[in-house]
Amino acid sequence: MTPVTSILYLHGFNSGAASPKAQLIAATCERLASDGATPPRCVAPQLPHRPDDALACAERELHDLGDDTLLIGSSMGGFLATCLAERAGLRAVLINPAVRPARLVAQWEGAAFENPYTHERFTIDAQHGAALEAMTPSGIIAPHRYRLLLGSADETLDCRDALAFYAGAPTLVHPGGDHGFSALADYLPAIFAHGGWTLPPRSPTRSDEST
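One structure accompanies this document, and this report is about it. Fair warning: this is a prediction, and the values are worked out from it, not measured in the lab.

Looking at chain direction, strand β7 (residues 146-151) and strand β8 (residues 171-174) are connected through 4 bridges and run parallel. Across the sheet, residue L150 finds its bridge partner in β8, namely V173.

And the structure:
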C-alpha cells in the first residue's frame with residue numbers, strides 16, 4: 001500500500017484541534033519525519049459546532065490536501081469522516097464513530113455547552129438534528145476502505161451500532177474501552193498502517209480526550 005501524503009483528523013462534538021487525540025496524531029506524523037521519511041501533512045481543523053458547517057469546513061480542508069488523504073475521525077468526527085469518505089472514495093479510520101448522530105443530539109436539544117478549547121458557548125437546537133439527519137448516509141459502499149476502533153464499554157455510543165453499520169470493515173474492539181478511547185496510543189500502528197505507513201514500536205502514552 002502506497003503511503004498517503006496527507007492526514008485529515010476530525011475531532012468529535014464539542015472537542016477541538018488542540019485536543020489530546022489531535023495532538024497525538026500530529027506528534028506521530030512528526031515521528032515519521034524523524035525516521036528520515038517525508039511525513040504526511042497532518043491537518044486537524046477546529047470544526048464549528050453546527051454539523052453542516054463542520055462538514056463544509058472539513059470539505060475545504062480536504063480540497064486543499066487532495067485525494068491522497070487518510071481521514072481519521074473520532075465520535076462525531078467519525079461520522080463526518082464517513083460522509084467525506086463516501087463522497088470522495090477515501091480510506092478512513094473511525095474511532096467510536098457516531099452512526100445515527102441525529103438521535104444523539106435530539107437528547108440534548110435545548111442544552112447549553114461551552115467548548116473547553118475555544119470557550120465558545122452554544123445551545124443545541126432543532127437545526128442540529130435536521131442537518132445531521134440530512135447528512136447521514138444510508139450505508140457504506142466499500143467496507144474495506146474503513147478501519148474501526150471501538151471501545152466495548154463506550155458509555156456514550158453503543159458499539160453494536162457501528163459493528164452493524166460498517167459490517168465487513170476491519171475492526172479492532174478494545175475490551176473495556178471507553179468513549180474517549182483512552183488506549184488510542186496503543187493503536188497508532190494500526191491507524192497509520194491503514195494509510196500505508198509503518199510505525200516503529202514505542203511505549204504508549206494515553207489520551208484522555210472525551211470525543
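With that settled, consider unusual backbone geometry. One non-glycine residue, N14, lies in the positive phi region at around 55°. If you trace the backbone, N14 turns up in the loop between β1 (6-10) and α1 (20-34). According to the relative accessible area criterion, N14 is buried, its value standing at 19%. Of note in the backbone geometry, H119 takes a positive phi value of approximately 65° without being a glycine. Position of H119 relative to the elements: it lies in the loop between β5 (112-114) and β6 (121-123). The class of H119 is exposed, set by a relative accessible area of 52%.

One finds L71, Y146 and Y166 to be the most contacted residues of the largest nonpolar core, which totals 42 residues. Among the elements of the structure, β1, α2 (51-65), α3 (76-88), β4 (92-95), α4 (101-106), α5 (126-135), β7 and α6 (159-165) are those that each provide at least two residues to this core. The element best represented in this core is α3, accounting for 7 residues. Excluding residues within four positions of it along the chain, Y146 makes contact with T82, A85, E86, A92, L94, I140, Y166, A169, P170 and H194. Counting 23 residues, the second-largest nonpolar core is a separate cluster that includes L32, L188, I191 and L199.

Mapped onto the elements, P116 comes out in the loop between β5 and β6. Along the chain, P116 and A18 lie 98 residues apart, while their C-alpha atoms are 9.9 Å from each other.

Cut-offs and rules
- Residues numbered from 1 in each chain as written.
- Predicted model: local features only at pLDDT ≥ 70, side-chain atom pairs only at ≥ 80, totals over all residues.
- Heavy atoms only, no water.
- Pairing = 2+ DSSP bridges.
- Helix = DSSP H or I, 4+ residues; strand = E, 2+ residues; numbered from the N terminus.
- Buried < 20%, exposed > 50% of the residue type's maximum accessible area, 1.4 Å probe, protein only.
- Core = buried A, V, L, I, M, F, W, Y, C linked by side-chain atoms within 4.5 Å.
- Contact = heavy atoms within 4.5 Å.

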